[in-house]
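Residue-level structure breakdown
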Amino acid sequence: MALLSLKNVSLSYGGHPLLDDVELHIERGDRVCLLGVNGAGKSSMLNVLAGQVQPDDGEVVCSSGMRVAMLPQQVPAGIRGCVEEIVLGGLRDGAADARDAAMTISRLQLDPAADFASLSGGMQRRVLLARALAGAPDLVLLDEPTNHLDVDSIDALETYLTRYCRTFLFVTHDRAFLRRLASRIVELDRGHLYDWRCDYDTFLVRKAEALHAETREWERLDERLDKEEAWRRQGVKARTCRNQGRLKALEALRQERRQRRERTGTAQMSIEAAGRTGHVVLKAEGVTFGYNGHPLIREFSTVLTRGDKVGILGPNGCGKTTLVRLLLENGARGGPAADSGRIIHGTNLQIAYSDQFRAQLDDELSLAENIAKGEEFVTIQGSRRHIVGYLQDFLFSPEAVRRKVKSLSGGEKSRLLLARLFAQPSNVLVLDEPTNDLDLDTLELLEEQIANYRGTVLIISHDRAFLNNTVSNVWVFEKHSPDLPYKWLGDAEGWYVNGYVGGYDDWAARRVLPPVAAEPKKSAQRSRQSDKPKPLSYQQQRELKALLRRIEQLEGEQTQLHERFANADFYRGSSDEIVAAREHDEALSTELAQIYRRWEELER
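Residues numbered from 1 in each chain as written. Predicted model: local features only at pLDDT ≥ 70, side-chain atom pairs only at ≥ 80, totals over all residues. Heavy atoms only, no water.

With that settled, the discussion passes to the packing of aromatic side chains. Taken as a whole and judged by the stated rule, the model has nine aromatic pairs. Centre to centre, the rings of F170 and F177 are 5.5 Å apart; their planes meet at 85°, and the pair counts as edge-to-face. For F177, a relative accessible area of 0% translates into the label buried. Ring geometry for F289 against Y291: centres 4.9 Å apart, planes inclined by 80°, an arrangement best described as edge-to-face. Of the residues examined, F289 reaches a relative accessible area of 5% and is grouped as buried. Of the residues examined, Y291 reaches a relative accessible area of 44% and is grouped as partly exposed. (Phe/Tyr/Trp six-rings, centres within 6.5 Å; stacked < 30°, edge-to-face > 60°. Buried < 20%, exposed > 50% of the residue type's maximum accessible area, 1.4 Å probe, protein only.)

Given below as C-alpha cells:
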C-alpha cells in the first residue's frame, strides 16, 4: 500500500484548475522531484499533500499512523524562540524525539540556544529544515529546500537526505541537487500530473519527445478543423444523415479545440544594454573592511575588466552582498566604505542591481506600477513598448498586470524582478541570488541572456549548475590567504576573498581544506600516575582489533552503497530493491554507531 495517495483530486482558485482530477501514489523509499513552470501549482499541491489545504474534489489517502512533515517555500512570520524550542515544536512528546531533535540539530550544524529571530534568512530556513526532518517522519515535503542555503549547507543537506531520509518529495530549481537526489520525476503541467518514473536527464529526453508528439497532434487537429470549417462555410445542401453527422463531428472538433490548454510559453526576456564602459571597470588594491573594529574582508585586491562574468561564493553571513556594495559604492549613497586600501572605478558605469530579498518590489503596488511607475509605456532597446506587452514577454497575462505583487508566487516575483531589472539600461549587472524560485525553463533562458550580455556581470549565487554555466571566474570567501604558505584566520578574524579561474566545479576541484587541529596538550595534572588509564586486558586488546576490522568492513560496505545511491541508474530498478538497499544502509549505520561507542570505551 502506498504511503500517501491523491485520488481524483481537483483544486482551483478561479480560472483554469491547478489540479484537474489528478492521481499520485508515493511509495516508501521514493525520492520524488515535482517539476512545473512558475504558477503551475506546485506549492499548492504540496499543501494538499500535507493536509494544509483541502481539495475541491477527490481525496488524500494516508497510511495509518504515518507522519508527514513539510518545509515551506517561505519562512512563516511570527516564529519566536530558540532553535531547540522550534525544532522540538514539530515533534510529539517523548525522550526519543528529544534525542532525535538534538541529533538533527547537530547534523545540520545549528546552535540549539540561538535566537531564531536573530538568524539570517538562510539559517532560519535551516532551522525549519531541522524541524521537518527531526523525529524521522514517514514522508518529508520540501519546497525549494536549497533557497538561501550556501554551498556547504546544500552539500550537507544532500548527504543528510541520502543517508537518513527514506521517503521525500521536493520542489527545486537546483539542477545539481535534483540530479543527485531524485529517483523519480513527477511533472505538473496545465493541471495534469505526469509520472515519468525516471531520472532528470532521461526526463528531459522523454519530455522533448512528448512535446513534439503533442505539437504534431495539435497540427493534425487544426488541419481537420480548418477543412471542416471550410466545408461548413460552403453551406450544407441537404439535411441528410451524413451531413448531420458531419456537423456533429465539427462541433466536437470545435469543443476539443476550445478545451485545449496551451503550453505556457517561454519568457522572451532581453537585457537592456547601455553604452560601453572603459576597459577597466574597477580596481581594488588591498581593500580591508569591518564593523565596529571587527574585521570582515581582509586585503582584497582585484582588477575587473569589461565583459568579465564573476561568481561570488561563500557561507551565509560572510559578507558577499557587503563586498559588492563596497566595490560599487564605497561610501556613496550611504553604502559601506573601505577602512583601508583603494577602490578605483572606470568610466561610464551604469549599474543594474537585483537584491535577493526582492526589496525593490512593492507588494502593495501592481505589476505595472512596479515596472513603469504608473506610466503605460517603457523604453526597451530604444523602442517604446506598452507595459502589457512587455510583461507578456515575462509570461504575465494581460489580466495579471493590474494585480498587486503580494498575490504572486515566489517564482513569479523572481520573474517580475528580472523584468524590472532588464528594463534599466546597464553595462554592469549585479544579480544577488537570482535563481531562487525560478522554474527551469526561465533559468536556462536567464543563463542564455547572461552569456550574450556584453557588459560586466557579478553574480552572488549558491546554484552550482548556474555558476558553471554563466561565469568565467569566481571570488570565494575563504579562511586562508591566497598565497603559499597559507595564513589561516579564526572565526572572529574575518575572510580573505580569493580569486579562481572557471566556475564552481573548477574551484571545488582546487579547494583548500583547513588543516586538522592539533591534539591539545595534556595538563600536568592529567599526567599523574593516578589519572593514567588502566591497561587493556588480553581479551580487550583482541576485542579492540576485531572492532577496528569490523568498522573497516562496515564503512566499506556503506561507501559502496552510497556510491550506488549517487548513481541515477540505481533508481531505475524496482522499488523493492531500492527499499532493501535503504534498509541495509540504516542497519549498517545502527551497527556502526554501536561499535563506535564500544570502541570509544576501550580507547578511554
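Having seen it, we continue.
With that out of the way, let us pick up the nonpolar core. Grouped together as the largest cluster of nonpolar side chains are 87 residues, with contacts concentrated most on Y390 and F422. Here the element with the most residues in this core is helix α12 (residues 410-422); it accounts for six residues. Residue contacts for Y390: discarding those within four places in its chain leaves I371, V378, I380, R385, A419, F422 and A423. Within the second largest apolar cluster, 26 residues are counted, among which are F289, L296, V428 and I460. (Core = buried A, V, L, I, M, F, W, Y, C linked by side-chain atoms within 4.5 Å. Helix = DSSP H or I, 4+ residues; strand = E, 2+ residues; numbered from the N terminus. Contact = heavy atoms within 4.5 Å.)

The sheet built from three strands is open, its strands ordered β2-β1-β4 with antiparallel pairing. This sheet does not close on itself; its edge strands, each paired only once, are β2 (19-26) and β4 (57-62). Between one strand and the next, the sheet's axes are offset by a mean angle of 10°, whatever the strand orientation. Pairing of strand β1 (residues 4-11) with β4, which is carried by five bridges, proceeds in the antiparallel orientation. The residue of β4 that forms the bridge with S10 is D57. (Pairing = 2+ DSSP bridges. Axes fitted to C-alpha atoms, helices over the stretch in contact; angles between N-to-C directions.)

What follows is about the confidence of the model for the protein. The predicted model of the protein averages 85 in pLDDT, with 90% of residues at 70 or higher. Predicted confidence for residues 526-530 stays below pLDDT 50, and this span has two contacts to residues more than four positions away or in other chains. (pLDDT = per-residue confidence, 0-100.)

What follows is about unusual backbone geometry. With omega at -10°, the peptide bond leading from L484 into P485 counts as cis. Locating P485 in the fold gives a position in the loop between β19 (473-478) and β20 (496-501).

Moving on, we come to the pairing of strand β18 (residues 456-460). Remark: a regular strand shows side chains that alternate across the two faces of the sheet. β18 sits mainly inside the fold: five of its five residues count as buried. The two faces of β18 match: T456, L458 and I460 on one face and V457 and I459 on the other face are all buried. With four bridges joining them, strand β12 (residues 309-313) and β18 adopt parallel strand pairing. For V310, the partnering residue across the bridge sits in β18 and is L458.

Take the environment of R298 next. Secondary-structure assignment places R298 in strand β11 (residues 294-305). Between the C-alpha atoms of R298 and G494, which are 196 residues apart in sequence, the distance is 6.9 Å. Setting aside its immediate chain neighbours within four residues, R298 contacts V287, T288, L489, E493, W495 and Y496. Only 2.5 Å separates the side chain of R298 from the backbone oxygen of E493, close enough to count as a polar contact. (Polar contact = N/O pair within 3.5 Å; in protein donor to acceptor, adjacent residues only side chain to side chain.)

This part covers the pattern of salt bridges. A complete count under the given rule lists 24 salt bridges for this structure. The closest approach of N and O atoms between D189 and K207, which form a salt bridge, is 3.3 Å. With a gap of 18 residues between them, D189 in strand β8 (residues 184-189) and K207 in helix α7 (residues 200-233) connect regions that are remote in the sequence. Judged by relative accessible area, D189 falls into the buried class, the value being 13%. (Salt bridge = Lys/Arg side-chain N within 4 Å of Asp/Glu carboxyl O.)

So, on to helix α4 (residues 121-133). Under the 1.5 Å per step criterion, the end-to-end length of α4 is 18 Å for 13 residues, consistent within 8% with the ideal 18 Å. Three or more residues of α4 are buried, namely G122, Q124, R125, R126, V127, L128, L129, A130, A132 and L133. (Expected span 1.5 Å × (residues − 1).)

For D152, the location among the structural elements is in helix α5 (residues 151-164). We classify D152 as partly exposed; its relative accessible area is 38%. Separated by 163 residues in sequence, D152 and P315 place their C-alpha atoms 7.3 Å apart. In terms of polar contacts, D152 uses its side chain to reach the side chain of R511, at 3.0 Å.

Residues D20, D21, E23, D56 and D57 make up a contiguous surface patch of negative charge. Per-element accounting of the negative patch gives the leading share, three residues, to β2. Mapped onto the elements of the fold, D57 is located in strand β4. In this structure D57 comes out as partly exposed when scored by relative accessible area, which is 48%. (Patch = residues over 30% accessible without salt bridge, like charges linked within 9 Å, V, L, I, M, F, W, Y side chains within 5 Å. Areas by Shrake-Rupley, 256 points an atom, 1.4 Å probe, with all protein chains shown as cover. Lys, Arg positive; Asp, Glu negative; His and termini not counted. Charge placed at Lys NZ, Arg CZ, Asp CG, Glu CD.)

Turning our attention to the sheet that holds strand β9 (residues 192-195). Strands sit in the order β5-β6-β7-β3-β8-β9 across an open sheet of six strands; the sheet is mixed. If you trace the sheet from one side to the other, it starts and ends with β5 (68-71) and β9, each paired once. Adjacent strand axes in the sheet meet at a mean angle of 20°, parallel and antiparallel pairs treated alike. In this sheet, β8 lies alongside strand β3 (residues 31-35) in parallel orientation, the contact comprising four bridges. The residue bridging L34 from the neighbouring strand is V186, located in β8. Packed on one face of the sheet, α4 meets β5 and β6 (139-143) and runs near 170° to β5.

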